[in-house]
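One-letter residues, chain by chain:
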Amino acid sequence: MLSVRIALRYLFAKKRHTAVNIISIISLAGVAVATAAIVVVLSVFNGFADLGEAQASAVDPDLLLTPSRGKTISDSDSLASAISSIPGIRAVAPVVLERGLLISSNAQVPVRFKGVPRNYTDIVRLDTLTVDGVFLADTAAGLPAVNISAGVAYHGAMSPAADRAVRLYVPRRKGRVNPANPAASFRGDTLLVWSVLRSDVQDFDNDLIILPIDVARRLLDYEHQASAIEVAAEPWADISAIAGEIKKTCPDINVADRLQQQSEAFRMIAIEKWLTFLMLIFILIIASFNVISTLSLLIVEKKSDMEVMRSMGAGLPMIRAIFIWQGWLISMFGGICGIILGAILSLWQQYGHIIKLNADASALTIEYYPVRLSWPDLLAVLGVIAAVSLLAGQTARFFQRKKQ
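Given the structure is predicted, the values throughout are model-derived calculations rather than measurements.

What to know about the overall build of the protein chain
Counting secondary structure elements, the protein chain contains 13 helices and 11 strands. Buried positions account for 45% of the 404 residues belonging to the protein chain. Sequence-distant contacts, at least 24 apart, represent 80% of the contacts inside the protein chain between residues at least 6 apart. Here the protein chain displays about 20900 Å² of accessible surface, and carbon together with sulfur accounts for 61% of that area.

Here it is, written out as structure tokens:
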């Protein structure tokens with residue numbers, strides 16, 4: 001189109017007035033900076049989402065099976081055995097989850113306890129999270145071993161030691177409460193602190209303890225029941241396909257992958273990401289107002305050119321289209337420059353880690369701001385830039401009407 005070619009010529013041609021050149025550069029820079037900020041902010045949110053997923057993978061199984069009704073899976077051992085035959089599954093473990101009170105010589109700490117079988121490290125590598133002692137889900141030194149999280153160790157002043165036994169109490173599930181003897185309403189067992197675990201996941205580190213599943217079942221008067229069944233898949237396996245097979249085998253069981261297990265946390269990250277994206281779009285629209293001022297000055301400067309084009313037969317629609325395309329091209333050019341700049345900065349941080357976190361490295365999960373550039377995000381930003389550019393270019397219609 002002739003109007004597009006003329007608009008492109010006006011875009012890169014040197015203006016007769018220095019002020020117009022300066023304002024054009026400012027317009028381009030404003031759109032570019034706003035667009036680069038959008039790309040970088042979206043990449044930062046992607047980085048934090050990846051960080052949360054990586055932390056969750058250290059404590060969550062590949063698949064978590066929970067009852068769709070009730071609190072427990074009645075025959076969890078036989079169900080776990082049946083599930084283990086599905087191709088692609090590496091290990092299966094029933095677990096028991098409940099709340100109790102952990103008492104040591106120093107403190108009383110409300111805890112969430114998790115009963116796990118001996119092979120639990122095949123499901124989740126909790127042994128790699130050990131910061132003191134050795135992870136053990138068995139009996140040691142004549143007492144069941146308990147592995148406590150860093151929060152429990154801190155609040156209860158507990159540490160692994162052969163002479164530091166603790167007591168775990170839970171309310172009785174069966175029988176009547178005796179007001180004359182309240183202690184009889186609880187069941188307890190003596191445990192030996194064997195290790196301290198830290199995962200940098202708040203829910204895990206705050207109040208969780210790990211103990212043998214037979215101890216947890218005995219405290220809760222369970223036989224073969226379990227609160228959940230955790231599944232570990234082979235590295236090459238398709239998690240979604242395995243989940244589908246499990247649903248066919250056990251239609252009354254809820255199956256959740258790692259993202260679904262932490263759905264609330266990842267949903268909040270996604271909501272914050274796109275709300276921030278919307279706010280930055282408003283900043284981009286404000287930055288595009290500079291394009292409107294550039295168009296008004298350009299129309300004034302090109303008044304003689306318009307007269308020449310009219311004398312050569314160009315109509316008002318064509319002249320108007322030239323400046324509409326001019327406004328669109330200014331915003332698009334600035335937006336594309338901003339996308340390139342934002343992508344370069346994001347990739348630099350993603351792979352070069354140029355911005356560090358100023359704190360004690362031993363107390364940090366990572367030492368730099370997490371960033372991940374996402375191509376779908378770039379396409380979304382490009383679409384927004386095209387829409388905003390079209391809006392900015394349409395303002396040329398009003399200037400043309402004034403001139404008529």
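Having seen the model, we can carry on.
Focus: the nonpolar core
Soluble globular proteins tend to pack their nonpolar side chains together in the buried interior. Counting residues in each nonpolar core, the largest one holds 25 residues, and the members touching the most others are Leu102, Ile148, Leu168, Ile209 and Leu211. Counting residues per element, the ones that place at least two in this core are strand E2 (89-103), strand E3 (108-116), strand E6 (143-149), helix H4 (150-156), strand E7 (165-171), strand E8 (186-197), strand E9 (208-212) and helix H6 (213-220). No other element matches the five residues that H6 contributes to this core. Membership of the second largest hydrophobic core comes to 21 residues, among which are Ile38, Leu280, Met332 and Val381.

Some thoughts on H6
Counting buried residues along H6, six of its eight residues qualify, which places the element largely inside the surrounding structure. Buried residues of H6: Ile213, Val215, Ala216, Arg217, Leu219 and Leu220, and no others.

Some remarks on unusual backbone geometry
Trans peptide bonds make up most of the peptide bonds, and negative phi angles are found at most residues other than glycine. Positive phi is not limited to glycine here, since Ala157 has a value of about 50 degrees. The residue Ala157 is located in the loop between H4 and E7 in this model. Taking the relative accessible area as the measure of exposure, Ala157 reaches 45% and is therefore partly exposed. The phi angle at His353 is positive, at roughly 55 degrees, despite the residue not being glycine. Checked against the element boundaries, His353 lands in the loop between helix H11 (316-352) and helix H12 (375-394). Judged by relative accessible area, which is 23%, His353 ranks as partly exposed.

Considerations on helix H3 (residues 76-83)
Among all positions in H3, only Ser76, Leu79, Ala80 and Ile83 are buried. Projected onto a plane normal to the axis of H3, the buried residues spread over an arc of 100 degrees and lie on a single side. Those residues of H3 that are buried are in contact with strand E1 (63-67), E2, H6, strand E10 (228-233), helix H7 (239-249) and strand E11 (253-257).

Considerations on the packing of aromatic side chains
Inspection of the entire model under this criterion finds one aromatic pair. On the numbers, 5.3 Å between centres and 80 degrees between planes, the contact of Trp274 with Phe277 is edge-to-face. Linking Trp274 with Phe277, this pair stays in helix H9 (residues 263-301), spanning three residues, or about one helical turn. Residue class for Phe277 comes out buried when judged on its relative accessible area of 8%.

Concerning the environment of Ile148
In this structure, Ile148 sits in strand E6. Separated by 59 residues in the primary sequence, Ile148 and Asp207 place their C-alpha atoms 8.1 Å from one another. Once residues within four sequence positions are removed from consideration, Ile148 is found in contact with Leu102, Ala153, Met158, Val193, Ser195, Val196, Leu197, Leu208 and Ile209.

Focus on the pattern of salt bridges
Tallied over the entire structure, the rule returns 13 salt bridges. Notably, a salt bridge pairs Arg118 with Asp138, separated by 2.9 Å at the nearest N-O pair. With Arg118 in the loop between E3 and strand E4 (130-133) and Asp138 in the loop between E4 and strand E5 (139-140), this pair connects stretches of sequence that are 20 residues apart. Measuring nitrogen to oxygen at the nearest pair gives 2.2 Å for the salt bridge that ties Asp221 to Arg187. Of this pair, Asp221 sits in the loop between H6 and E10 while Arg187 sits in strand E8, and the two are 34 residues apart along the sequence.

A few points about the pairing of E6
Consecutive side chains of a regular strand alternate in pointing toward one face of the sheet and then the other. Here E6 lies mainly inside the structure; six of its seven residues are buried. The sheet contact formed by E5 and E6 spans two bridges and is antiparallel. Paired with Ala140 across the bridge in E6 is Leu143. Two successive antiparallel strands, E5 and E6, enclose a turn made up of two residues, where Ala141 displays a positive phi of approximately 55 degrees. Pairing of E6 with E8, which is carried by five bridges, proceeds in the parallel orientation. Looking across to E8, one finds that Val146 is bridged to Val193. Of the pairings in the sheet, the one linking E6 to E9 comprises two bridges and is antiparallel in character.

Some words on the environment of Trp375
Tracing the backbone through its elements, the reader meets Trp375 in helix H12. As for Trp375 and Ala343, which are separated by 32 residues in sequence, their C-alpha atoms are 9.5 Å apart.

Here's the deal with the side chain of Ser195
Within the secondary structure, Ser195 is located in strand E8. Polar side-chain contacts of Ser195 include one of 2.6 Å to the side chain of Asn147. For Ser195, the contacting residues outside a window of four places in its chain are Thr130, Asp132, Gly133, Val134, Phe135, Val146, Asn147, Ile148 and Pro160.

Here is what the cut-offs are and how they apply
Residues numbered from 1 in each chain as written. Predicted model: local features only at pLDDT ≥ 70, side-chain atom pairs only at ≥ 80, totals over all residues. Heavy atoms only, no water. Helix = DSSP H or I, 4+ residues; strand = E, 2+ residues; numbered from the N terminus. Buried < 20%, exposed > 50% of the residue type's maximum accessible area, 1.4 Å probe, protein only. Contact = heavy atoms within 4.5 Å. Areas by Shrake-Rupley, 256 points an atom, 1.4 Å probe, with all protein chains shown as cover. Core = buried A, V, L, I, M, F, W, Y, C linked by side-chain atoms within 4.5 Å. Arc of directions from axis to C-beta. Phe/Tyr/Trp six-rings, centres within 6.5 Å; stacked < 30°, edge-to-face > 60°. Salt bridge = Lys/Arg side-chain N within 4 Å of Asp/Glu carboxyl O. Pairing = 2+ DSSP bridges. Polar contact = N/O pair within 3.5 Å; in protein donor to acceptor, adjacent residues only side chain to side chain.

Worth remembering: the numbers are spatial, not functional.
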